[in-house]
Amino acid sequence: MSAKRGVDFLKTVAEYVVKSGGHDAITNVFKITGGGDGRCIGEFTVGKSHVNASGGLHGGYTATMIDNITTYALMSAGSHPGVSVDLHVSYIKSAKEGEVIIVDANTIKTGKKLAYVECVLKKKSDGSIVAKGGQTKFVDFKEEE
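Rules behind the numbers
- Residues numbered from 1 in each chain as written.
- Predicted model: local features only at pLDDT ≥ 70, side-chain atom pairs only at ≥ 80, totals over all residues.
- Heavy atoms only, no water.
- Buried < 20%, exposed > 50% of the residue type's maximum accessible area, 1.4 Å probe, protein only.
- Helix = DSSP H or I, 4+ residues; strand = E, 2+ residues; numbered from the N terminus.
- Pairing = 2+ DSSP bridges.
- Patch = residues over 30% accessible without salt bridge, like charges linked within 9 Å, V, L, I, M, F, W, Y side chains within 5 Å.
- Areas by Shrake-Rupley, 256 points an atom, 1.4 Å probe, with all protein chains shown as cover.
- Salt bridge = Lys/Arg side-chain N within 4 Å of Asp/Glu carboxyl O.
- Phe/Tyr/Trp six-rings, centres within 6.5 Å; stacked < 30°, edge-to-face > 60°.
- UniProt positions renumbered as here; feature names shortened; annotations may be inferred.
- Expected span 1.5 Å × (residues − 1).
- Arc of directions from axis to C-beta.
- Contact = heavy atoms within 4.5 Å.
- Core = buried A, V, L, I, M, F, W, Y, C linked by side-chain atoms within 4.5 Å.

**Considerations on the pairing of strand E2 (residues 39–45)**
For a regular strand, side-chain orientation follows a simple rule: the groups alternate between the two sheet faces. Side-chain alternation along E2 places Cys-40, Gly-42 and Phe-44 on a buried face and Arg-39, Ile-41, Glu-43 and Thr-45 on a face that remains uncovered. Strand direction decides the pairing type here: strand E1 (residues 31–35) and E2, joined by 4 bridges, are antiparallel. Residue Gly-34 lies in a different strand from E2, and its bridge partner there is Ile-41. The antiparallel hairpin formed by E1 and E2 contains 3 residues in its connecting segment, where Gly-36 sits at a positive phi of about 115°. In this structure, E2 lies alongside strand E4 (residues 100–110), joined through 7 bridges in antiparallel fashion. Paired with Glu-43 across the strands is Ile-102, a residue of E4.

Next comes the structure, spelled out in structure tokens:
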């Protein structure tokens, strides 16, 4: 695995996104633990600001995590981060405040125009799947000379 696209690269991308502010900064609790070459693995602890009125992990927060972490994985494959064409999430099981969630995103295919990335969120305590999803991204951006 090249150092340029490994864990240090992923951490740099994540730090940049959080520091840039805006909505994506809510992923500041995500800690990268592995990945590179098209994959990003990490974890976060569900906090009070991540839950809905019923006390479960908020669907919007889950979708943002899938959006961002799949993008990090894609970038570690050497791709432009692109723009989302399709983002999908299947919510399978609730997660409560204090639970640790492992996020594992993997680049399936990067073509000339589109890239496909999948992701799964699991409880660290028992490996049960909380949500799974992914996205299709348009990546055909030409750099100006």
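Further notes follow.
**Quick look at a nonpolar patch on the surface**
Together, Val-85, Ile-108, Leu-114 and Tyr-116 give the surface a local cluster of nonpolar side chains, amounting to about 340 Å² of exposed area. Inspection of the secondary structure assignment puts Ile-108 in strand E4.

**A short note on the packing of aromatic side chains**
Applying the stated rule across the entire model yields 2 aromatic pairs. Arranged with centres 5.5 Å apart and planes meeting at 75°, the rings of Phe-138 and Phe-141 form a pair that is edge-to-face. For Phe-141, a relative accessible area of 37% corresponds to the partly exposed category.

**Points about the UniProt feature "domain: Thioesterase" (unreviewed entry) in the chain**
Those residues carrying the UniProt feature "domain: Thioesterase" (unreviewed entry) are residues 55–128 in this numbering. With 24% helix and 41% strand, residues 55–128 has end C-alpha atoms that lie 18 Å from one another.

**Regarding unusual backbone geometry**
Located in the positive-phi region is Asp-37, a residue other than glycine, with phi close to 50°. Residue position: Asp-37 is located in the loop between E1 and E2. A relative accessible area of 46% places Asp-37 in the partly exposed class.

**Points about helix H1 (residues 7–19)**
Across its 13 residues, H1 extends 18 Å between first and last C-alpha, which sits within 8% of the 18 Å expected from 1.5 Å per residue. Looking only at H1, the buried set comprises Phe-9, Leu-10, Val-13, Ala-14 and Val-17. The buried side chains of H1 occupy one side of the element, clustering within an arc of 130° when seen end-on. Facing away from the buried side of H1 by over 90 degrees, the exposed positions are Asp-8, Thr-12, Tyr-16 and Lys-19. The inward-facing, buried residues of H1 contact E1, E2 and helix H2 (59–76). Positioned one or two residues after H1, Gly-21 has a phi angle of 80°, which is positive.

**Some remarks on the nonpolar core**
Note on soluble globular proteins: their nonpolar side chains tend to be buried together. With 30 residues, the main nonpolar core has Cys-40, Phe-44, Tyr-72, Ile-101, Val-103 and Leu-121 as its most contacted residues. The set of elements that each furnish at least two residues to this core consists of H1, E2, H2, E4 and strand E5 (114–123). The element contributing the most residues to this core is H2, with 8 residues. If near-sequence neighbours (up to four positions away) are discounted, Phe-44 is found in contact with Val-29, Phe-30, Leu-57, Tyr-61, Met-65, Glu-99, Val-100, Ile-101, Val-103 and Leu-121.

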